[in-house]
Amino acid sequence: MKIPTKVIASLIIAMFCVVSLSNAQTTEDKSLNNKQKIIIPIAAFTATGNLPKLNTALNEALNAGLTVNEIKEMLIHIYAYAGFPRALNGINTFSAVMDQRQAQGIKDTIGKEATPVPSDFDQNSYGHQVRNDLVGRDISHRTSGYPVFTPVIDKFLVEHLFADIFYRDVLTHQDRELVTISVLSAMTGTEPQLKGHLRIAMSQGFNKEQMTDFVAVLNSQVGTGSAERATQVLNDLLGTTISVGEKKAVKVIRNGQVTKAPSDHFTGQATVASRFKEEGQDSYRGGIVNFESGARTAWHSHPVGQTLIVISGRGLVQSEGETVQDIAPGDVVWIPANEKHWHGAATDSAMSHVAISAPQNGSTVAWMEHVTDEQYAR
């Protein structure tokens, strides 16, 4: 992957600005974060049965730091809105993705398990409470509509969906509503339910700007049809005129979640922050990796290469069979495709760099064995 000189220069300037301003950022971020944006295509492609695109979305989610159990929980949640066939197809696709990644030596974070249901769990009481909290009013004793016409379906909704499923705390209620509106936007004929759940999503804390982001992600990653459905319902709900094609010329990506680099792939203390991604399919993505002194990656390679831009401190990089090279702020390091290498901080200095790479079949890296202390000392 070759990145034009102007792009590299712009990224250097931009990332220096990100680093210098990150501690001064005090205003609330009103845009969807990276995790939320990743949830949308997973839910949508599961609902529509587009398994090849779901495969790519699942790999991207794992590469971005979502846990295995978070993704499993999304697929479990989806069955309540898209049915068992779609959910099971999604689960089987995810299982195949995990088998492939494990064969490549990739060790993904499993994540937290759902809190066990207590022995005295009152599904009816809990389910009514959750549903009432979500819709913002007490609808426990309906006198018309489907609960009266077919009471058993309301019982299933209350005691299973809003109790058994919503009690599982792997996802927040806000995350669950994002999954739900993504599913309903992707499906046809679900506009009444979509309107209700868009209202619930906003009651759970999503604002107009985030809903605009939601439509934009649908449009760029899922399809125009899904984006148009969501736009029409959202405009009707809010009395707005959001357009599918509405797009800011300049897009600002705020600092995302800082995650600890996994010990399976790093030695010492390292974190990853400010992840970014070009909006085109299978295009470049990256983030800022911060190494404390002595920290480094394991040996690894990238299917289409990688570019590193050093922004602070002093570091080291080595290609297998070659001598270790020093790197300093302003240095740009190009690693060829499938080249076994490692990089990290010097023994007496922290180091931060921007890492940019592009995926191949949804994967950007193949991890190998750790760099030994002896190799690092050389």
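In this text, all values refer to a predicted model and were calculated from it rather than measured experimentally.

Per the counting criterion, the structure on display carries nine aromatic pairs. Their ring planes at 55° and their centres at 4.9 Å tell us that Phe121 and Tyr167 sit as a pair that is tilted. In this pair, Phe121 sits in the loop between helix H5 (84-103) and helix H6 (123-135) while Tyr167 sits in the loop between helix H8 (151-165) and helix H9 (173-186), placing the two residues 46 residues apart along the sequence. The two residues Phe121 and Tyr167 agree in class, both being buried. Ring centres of Phe266 and Trp367 lie 5.6 Å apart, and the angle between their planes is 55°; this geometry places the pair in the tilted category. With a gap of 101 residues between them, Phe266 in strand E2 (residues 266-267) and Trp367 in strand E13 (residues 366-367) connect regions that are remote in the sequence. Taken individually, Phe266 and Trp367 each receive the classification buried, so the pair is uniform in this respect. Every member of this aromatic cluster is reached through a ring pair, and the members are Phe121, Tyr126 and Tyr167. Sitting over the face of the ring of Phe166, Arg176 holds its NZ or CZ atom 5.7 Å from the ring centroid.

Overall, antiparallel pairing links the six strands, which are arranged E1-E3-E4-E12-E7-E10 in an open sheet. For this open sheet the edge positions go to strand E1 (259-260) and strand E10 (332-335), each flanked by a neighbour on one side alone. Where strand E7 (residues 306-313) and strand E12 (residues 351-357) come together, seven bridges link them in antiparallel fashion. Note on E12: the bridge partner recorded for Leu308 is Ala355.

Reading guide: rules and limits
Residues numbered from 1 in each chain as written. Predicted model: local features only at pLDDT ≥ 70, side-chain atom pairs only at ≥ 80, totals over all residues. Heavy atoms only, no water. Phe/Tyr/Trp six-rings, centres within 6.5 Å; stacked < 30°, edge-to-face > 60°. Helix = DSSP H or I, 4+ residues; strand = E, 2+ residues; numbered from the N terminus. Buried < 20%, exposed > 50% of the residue type's maximum accessible area, 1.4 Å probe, protein only. Lys NZ or Arg CZ within 6 Å of the ring centre and 35° of its normal. Pairing = 2+ DSSP bridges.

Everything listed here is a matter of geometry and, on its own, says nothing about what the molecule does.
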